[in-house]
Amino acid sequence: MEVFYFGQPSRRLFGVLEKPQKAVEAGIVFCPPCGEEMTSTYARLARWSKELANQFAVMRFHPFGTCESGGTFQDFTYAGAVEDTATAVAYLRERTGVKRVGLFGLRFGAFVAAQAAADLQIDFLLFWSPITDLRQYFRDLLRMRLTMELVHLKPDKVKFTTKSMVEDFEAGRSVDILGYEFSPEFYRQMTGGPSWPKTLTAPKVLWLSRVAEKGQMASVPQNWTTESNSVGIQFLPELPFWEDFSSVFPSKFASASEAWLVK
Amino acid sequence: MTAPLGQIKSEIVSIPADGWTLHGMVHLPAEFSGKRVGVILLHENFNTKFGTHRLFKDLGDRLAQAGFLALRYDDRGMCDSPGIRDLTIADRLADARASVNFFRMRYKLDALIGWGLCLGAAIAVHTSASHNPNERLDGLMLCSIVADPGIVSLPQYGYERVEISKVAQEFFLRGNLLHKLLNAPRSLKSWSRKLGVLARRYLRPAPKELARMKETIGKVGKLLARYEGPCVLVFGDKDSYLADFVERVNPGDKLGLTKKKFPPRQILIKDGDHTFSSREKTEELFQITLDWVGPFLLGELPPQLDIVREGSVGTSVAEAI
C-alpha cells in the first residue's frame, strides 16, 4: 500500500494505491462522492478497495479542496473533480503499467466518472447509486442544510431559505452547507452545467442502484439505461448507506460488482 | 505567533502499533519559537483522520499555524492504514497509546495534549490514565465526549442491538411527553410495526465487543474525575450527548468534578451540534482550542477559571438544557 501526494505542486492531490504483489492487467480508480458523503463512506470504501486489491490495482484519491488534498473546500468544483480524475488515471497507468483501467463512482463520483471517461479511454465503468441530475442534487444539498437548521433551531430562528442561499451564490458569495463552504463556481457548474453524457463513455458499464432509485433513471439517455452487451443494470435492496457514519456495508452492491469485475 | 497557512508543512508518517502500521499526518509549524508542544487529534467512531467536514485537517493546519505540532492518524486496518481490521475498542486504545508514544518520542515534544471528539474524547481520557510516562497526556480537550455507555448501543455504533431502556428514554424523556401521549393512538400503528424489529433486536445476544465497548465507556467518568492535569469539556448546546453527560454520567456532579483541585473547564457553544458542523461553529471551536492550548507554548498551564460561556460541570450545563 502506498500513500502519497501527486499532481501539480499548485494542485497537490492525495492518493492511495494498493495492488497485489503479482503483476495485474487491470486497475480501478475510485471517484468519491461529494462533501459529507465522502467522509461518511470513506472507511467502508477504503476497506472495499483493499479487498479488491487482491486482483486489481486500486487507486483512491481526494479531489482538490477535499480531505487530505490541497486547497480549501471553496476550491472544490465539478470541473475540478473531472480534471483530478484524469490526473489520477494518468498516475495509475504510469505507476502500474496496467493495460485496462476502469472508474468506480459512488453518487456524485459516478457522475464525475461518466463524464471523465469520455476523454480518458476508460475500459469499464462501475456506478453505485449515481446522481443523474446535478441540478436536483444541488437543490437537495441546500434543503439538507435547511433541514438541519430546522432540527437544531426553532423554526423562527432559521434566518434563510433555499432561495436566499441561491441569492448568495448569485451574488458571488459562498454558502456553508454542514461545514462545507460551497463556492459560487460550484453552484454555477452544478446548476447550469452538464447533463449525463449522451453516448456511452466506456465499452463496459455496470450500473447498480437501489430499488427506490428506479425513477431517477428517467433523466439518463436510453443507451445507458437499457440492458445490452455493454451495459448491465441492477436494482438492489440496499440502504442509503452514505447517509450515516455506521459500519453498515453495501454488501449487495459489492457482491454484484465483484462478480462483474472478475468477468 | 501566526504563520501564513501556506508555510504549514504536513508530512506523512507511519506509526508502529502491535505489528500493525498506522497511517498518520503530522502538521508542522514553519518555525518553533517556544516549547515544542504537540496536539494529538483523536477522531470519532467510524471516521477518519481528516474528520467530518474536514474538521481535523483544518484544525491541524490552524494549530501548526499557531506554532504547535499536530498528529492525526487512522486506526489499524482502517481507512488509509494498511490491512483490514474489524476494529475493537481495545485496538483503538492501543493505537492511541502507540501514537502518543510515537509523537512524543519522534518529535521530541515538551508537552502533548489530547484533543478528542466524541469517542475520540473517551479514548483521550483512557490514554491519559496510562502508567507509561511516554504515553501520558499533559492536557485534555474533550469535545462532545461520549461517557454514557448506553449511547454505544445506538445504531450508528453498528452493533445493532437495541436497549429497551434507551428506547424508552428516547420516547419518554425527549420532547413533549404530553403531546406524545395525546398522539399515542395515532402512533400506535407505527409502533406496532416497529415492535417486531425491536423485539428481535432485543432478543439477539449482545456481541461481546459491545459489552467491552460499554465497559470502556462506562469508565470514562471515573477516569476523568481522577485525571489531574488541565482539562476542558466542550459541548454544543444542541448536542444530545450534552444531556447524556449531565443527566446520566454526572448528575448533580456525582463525579465530584467541581471539587477537584483543578476542576475541568466547561464551554458550551451556542447552537453548536455534535460535530460543530458549520463554518461559524467550527471557527468558534478552533478559537477556543487555540486560546486554551496557547499557554502551553510558554510552558504555562491554561487558566482553570473561565470568563465566558463557562460554569462548573453539572450546574451550568444543567441550566443550559
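Residue indices begin from 1 for each chain and proceed along its sequence in written order. Here the convention is simple: chains get letters from A, ligands get numbers from 1, in the order in which they are written. Per-residue local features are limited, in this predicted model, to residues with pLDDT of at least 70; the limit for side-chain atom pairs, both in listing and counting, is 80 or more; totals at the level of whole chains, interfaces and linings are taken over all residues.

## A closer look at the environment of L117 of chain B
All names here are of chain B.
Right, so step 1: Secondary-structure assignment places L117 in strand 5 (residues 111-117).
Right, so step 2: Given 29 C-beta atoms within a 10 Å radius, L117 is considered buried.
Right, so step 3: As for L117 and A98, which are separated by 19 residues in sequence, their C-alpha atoms are 19 Å apart.
Right, so step 4: Placing C-beta atoms from the backbone, we regard two residues as in contact once those atoms come within 7 Å. In this view, L117 contacts H43, E44, C143, S144 and T275; residues no more than four positions away in its chain are not counted. To qualify as a helix, a DSSP run of H or I must reach at least 4 residues; to qualify as a strand, a run of E must reach at least 2; elements of each kind are numbered from the N terminus. Our exposure labels follow a C-beta count within 10 Å of each residue's own C-beta, placed from the backbone: buried means 20 or more other C-beta atoms, exposed means 12 or fewer, and partly exposed covers the counts in between.

## Focus on the packing of helix 2 (residues 89-106) of chain B against helix 3 (residues 119-128) of chain B
Residue and element names in this part refer to chain B.
Right, so step 1: Look at helix 2 against helix 3: their axes get within 10 Å of each other, and the N-to-C directions meet at 65 degrees. Where helix 2 crosses over helix 3, the handedness of that crossing is right-handed. Contacts between helix 2 and helix 3 involve R92, L93, A96, R97 and V100 on the former and, on the latter, I123, H126 and T127.
Right, so step 2: Only Asp, Glu, Lys and Arg are considered charged in this grouping, and only Ala, Val, Leu, Ile, Met, Phe, Trp, Tyr, Cys and Pro are considered nonpolar; every other residue, Gly among them, is considered polar. Partitioning the contact of helix 2 with helix 3 into residue classes produces four nonpolar, two polar and two charged. Every axis corresponds to a line fitted to the C-alpha atoms, with the helix fit spanning only the stretch in contact, and the corresponding angles, defined between N-to-C directions, vary from 0 to 180 degrees. The hand of a helix crossing depends on one turn: near helix anticlockwise from the far one by less than a right angle means left-handed, and clockwise means right-handed.

## Describing the sheet that holds strand 3 (residues 37-42) of chain B
Residue and element names in this part refer to chain B.
Right, so step 1: Strand pairing requires that DSSP identify at least two bridges connecting the strands. Strand order across the open sheet formed by eight strands is 1-2-4-3-5-6-7-8, with mixed pairing between neighbours. Looking along the sheet, the strands with just one partner apiece sit at the ends: strand 1 (9-17) and strand 8 (265-269). Adjacent strand axes in the sheet meet at a mean angle of 20 degrees when their direction is disregarded.
Right, so step 2: Along the sheet face, helix 2 touches strand 1, strand 2 (20-28), strand 3, strand 4 (69-73) and strand 5 and points at about 125 degrees away from the line of strand 1.
Right, so step 3: Lying on the sheet, helix 3 is in contact with strand 3, strand 5 and strand 6 (139-143); it crosses strand 5 at an angle near 145 degrees.

## Thoughts on the domain arrangement of chain A
Residues and elements named next belong to chain A.
Right, so step 1: Domain start and stop positions are those given by an automatic or database domain assignment. Looking at the assigned domains, one finds that chain A contains domain 1 (2-133 + 203-262) and domain 2 (134-194).
Right, so step 2: Using C-alpha coordinates to define each centre, domain 1 is positioned 25 Å away from domain 2.
Right, so step 3: Domain 1 puts 14 residues into the contact, and the matching count from domain 2 is 15 residues.
Right, so step 4: Listed by contribution, the elements that provide at least two residues to the side of domain 1 that touches domain 2 are helix 3 (78-96) and helix 4 (108-116).
Right, so step 5: Here the element with the most residues in the side of domain 1 that touches domain 2 is helix 4; it accounts for three residues.
Right, so step 6: Across the side of domain 1 that touches domain 2, the residue classes tally to seven nonpolar, five polar and two charged.

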